[in-house]
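# Coordinate analysis (summary)
Here are the chains, one letter per residue:
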Amino acid sequence: MKQKKFLLNENDIPTSWYNIQADMPNKPLPPINPATKEPMTADDLSHIFNKECSKQELDTEHAWIPIPDEVREKYTYYRSTPLVRAYALEEALHTKAHIYFKNESTNPLGSHKINSALPQCYYCKEEGDTNVTTETGAGQWGMALSYAAKLYGLEAAVYQVKITMQQKPYRSTVMRTFGATVEGSPSMSTRAGKNIITKDPRHPGSLGTAISEAIELATTTPGCKYTLGSVLNHVALHQSVIGLEAEKQMEMAGEYPDKVIACFGGGSNFGGLAFPFMRHIWDGTHKDTEFIAAEPASCPKLTRGKFEYDFGDEAGYTPLLPMYTLGHDFKPSNIHAGGLRYHGAGMIISQLIKDGYMHGVDIPQLETFQAGMLFAQTEGIIPAPESTHAIAAVIREVKKANEEGTAPVILFCLSGHGLIDMPSYESYINGDLTNYTVTDEEISENLKSVPEVDMDKIKRQ
Ligand SMILES: *Cc1c(COP(=O)(O)O)cnc(C)c1O
């Protein structure tokens with residue numbers, strides 16, 4: 001009988017996270033203070049984030065960071081997650097390629113986001129905070145954070161991108177079920193939100209607007225910390241459990257991936273899966289693995305953005321981050337992959353792209369839903385609209401391999417399921433979805449908002 005699913009024993013679930021920063025040939029440039037242009041210290045960051053995550057964010061020394069026992073115990077409630085050989089998809093694609101996916105949709109919240117929500121809330125509780133706040137796009141991060149906050153006895157306030165709140169109303173109901181307060185962003189409850197609405201009363205919201213509002217709440221409320229579900233280094237660190245498990249599970253399958261693929265919003269599920277494998281490029285054991293991040297054609301920061309210091313949010317409250325960006329006030333089209341509608345990329349990934357260790361592909365919306373439909377009809381799992389980007393990228397690679405007559409081993413991350421995204425699938429099935437394109441003029445016009453920083457003058461950590 002063909003073995004389809006690979007699971008680990010509890011003892012084999014990782015006890016440390018992998019911090020790729022320690023092994024990178026070129027460390028990421030540091031986040032800088034927008035006013036002074038000086039590198040931020042962990043102390044500076046801890047005005048916004050909890051202390052431990054602030055430290056992890058800038059740690060370029062320790063490759064392995066122990067997972068606190070209390071967090072690891074909660075991981076074991078839903079980990080390991082299955083590594084699955086997609087035989088049915090392979091058959092449908094008439095390919096000799098081997099396709100594996102790491103299924104992060106099996107926890108009750110339905111996405112990989114819980115892997116970082118748990119440690120972030122745990123550290124806040126340990127450090128004596130009482131409240132957490134955040135932004136959420138499609139709502140997966142908001143759901144994960146609301147649940148993790150409840151577990152650790154913290155109050156959660158979530159700003160959800162307004163357009164997505166309307167597209168996917170059940171996600172805010174889930175957050176409220178876990179006891180969180182939810183507001184559509186831009187809202188009238190913060191100065192940042194009021195400013196945005198005054199300028200553009202019909203602003204659909206973006207992750208950038210929601211981040212501004214959450215940071216404003218955190219910095220003006222005692223005992224309240226801001227948490228982020230993507231983009232930052234410490235989030236990718238926590239998500240490394242995905243790749244560390246997958247590495248052991250691929251061993252159980254007796255294979256090693258030639259191509260590692262994940263969808264890309266800010267980089268946490270991509271980094272989580274890819275970084276543990278990428279270390280083998282540098283230790284020389286697997287030098288030829290290809291790493292591919294799949295982003296929406298309507299929000300193409302990796303493939304068409306510019307590597308610059310930019311704000312992580314619309315209002316400019318965050319430190320300046322060195323990243324591939326479309327400009328911090330970029331307004332992505334209303335594609336259904338809400339979690340991929342972000343203007344920038346994580347600092348580690350931006351450096352890795354610049355140094356040629358990975359690359360992005362941008363995929364139009366209709367191609368992603370077509371891929372999602374095929375995956376559903378073969379593997380029986382309805383993927384999150386975000387995850388369909390990874391599947392579409394896999395299918396492109398398979399078609400290429402078929403033409404070349406090769407049979408690569410492909411590993412991708414199924415970052416979440418789409419069971420709360422049925423309105424998106426309904427629109428697709430009814431023929432109501434369209435592709436959105438961005439012109440080069442729009443991108444270069446939008447990049448004018450990026451502040452001027454001379455990158456060559458900034459010292460690496
Ligand atoms: C949030 C989310 C993403 C995008 O975020 P990354 O940090 O790039 O992983 C992708 N897939 C799902 C299911 C998500 O919830």
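So, a few notes on the structure that sits alongside this text.

## Digging into the packing of helix α12 (residues 268-282) against helix α14 (residues 347-354)
Two numbers describe how α12 lies on α14: the axes approach to 12 Å, and their chain directions differ by 45 degrees. As the angle between them shows, α12 and α14 are arranged oblique. The handedness of the crossing between α12 and α14 is left-handed. Contacts between α12 and α14 involve F270, G271, F275, M278 and W282 from the first element and I348, I349 and L352 from the second. By residue class, the composition of the contact of α12 with α14 is 7 nonpolar, 1 polar and no charged.

## Some words on the sheet that holds strand β6 (residues 131-136)
Judged by pairing direction, the sheet is parallel, and its 4 strands sit side by side in the order β8-β7-β6-β9 without closing on themselves. The sheet is open, and its two edges are formed by β8 (181-185) and β9 (224-226), each paired on a single side. Shown here is a sheet whose adjacent strand axes are inclined to one another by a mean of 20 degrees, direction ignored. As judged from the 5 bridges shared by strand β7 (residues 155-161) and β8, these two strands associate in the parallel manner.

## Quick word on the site of the ligand
Neighbouring the ligand are 18 residues, the closest being K113, S230, G265, S268 and S415. K113 has a polar side-chain atom sitting 2.6 Å from an oxygen atom of the ligand. Between the ligand and the protein, one listed contact pairs an oxygen atom with a side-chain N or O atom of Q140 at 3.4 Å. For the ligand, the accessible surface in isolation is 380 Å², of which the surrounding protein chains cover 97%. By residue class, the composition of the shell around the ligand is 4 nonpolar, 12 polar and 2 charged.

## Comments concerning the packing of aromatic side chains
By the definition in use, this model includes 15 aromatic pairs. Consider the rings of F49 and Y226, whose centres lie 5.6 Å apart with planes at 50 degrees: the pair is tilted. Residue F49 is located in the loop between α1 (42-45) and α2 (51-58), and its partner Y226 is located in strand β9; the two are separated by 177 residues in the primary sequence. Accessibility expressed as a relative area gives 8% for F49, which makes it buried. Taking the relative accessible area as the measure of exposure, Y226 reaches 2% and is therefore buried. Between F369 and Y425 the ring centres are 5.3 Å apart and the planes differ by 75 degrees, which places this aromatic pair in the edge-to-face class. Of this pair, F369 sits in helix α15 (residues 365-379) while Y425 is found in helix α17 (residues 422-429), placing the two residues 56 residues apart along the sequence. Y425 matches F369 in its accessibility class, with the two residues each being buried. Aromatic ring contacts, followed pair by pair, group F101, F375 and F412 into a single cluster. Lying across the ring of Y87, K2 places its NZ or CZ 4.5 Å from the centre. The lysine or arginine in question, R279, covers the ring of Y18, its NZ or CZ lying 5.5 Å from the ring centre.

## A closer look at helix α9 (residues 191-199)
For α9, the full list of buried residues reads A192, G193, I196 and I197. Buried residues along α9 cover an arc of 125 degrees about the axis, so they all sit on one side. In α9, the exposed positions angled more than 90 degrees off the buried face are occupied by R191, T198 and K199. Contacts made by the buried residues of α9 are with α7 (162-167) and α10 (207-220).

## Considering α17
Burial in α17 covers these residues: S424, Y425 and S427. The buried residues of α17 occupy an angular sector of 155 degrees when projected down its axis, which confines them to one face. The exposed residues of α17 that point more than 90 degrees off its buried face are E426 and I429. Where α17 is buried, its residues meet α15 and α16 (387-404). Where α17 terminates, the next one or two residues include G431, which has phi positive at roughly 80 degrees.

Calculation criteria
- Residues numbered from 1 in each chain as written.
- Predicted model: local features only at pLDDT ≥ 70, side-chain atom pairs only at ≥ 80, totals over all residues.
- Heavy atoms only, no water.
- Axes fitted to C-alpha atoms, helices over the stretch in contact; angles between N-to-C directions.
- Helix = DSSP H or I, 4+ residues; strand = E, 2+ residues; numbered from the N terminus.
- Parallel < 35°, antiparallel > 145°, perpendicular 65-115°, else oblique.
- Left-handed = near helix turned anticlockwise from the far one by under 90°.
- Contact = heavy atoms within 4.5 Å.
- Nonpolar A, V, L, I, M, F, W, Y, C, P; charged D, E, K, R; others polar.
- Pairing = 2+ DSSP bridges.
- Near = heavy atom within 4 Å.
- Polar contact = N/O pair within 3.5 Å; in protein donor to acceptor, adjacent residues only side chain to side chain.
- Areas by Shrake-Rupley, 256 points an atom, 1.4 Å probe, with all protein chains shown as cover.
- Phe/Tyr/Trp six-rings, centres within 6.5 Å; stacked < 30°, edge-to-face > 60°.
- Buried < 20%, exposed > 50% of the residue type's maximum accessible area, 1.4 Å probe, protein only.
- Lys NZ or Arg CZ within 6 Å of the ring centre and 35° of its normal.
- Arc of directions from axis to C-beta.

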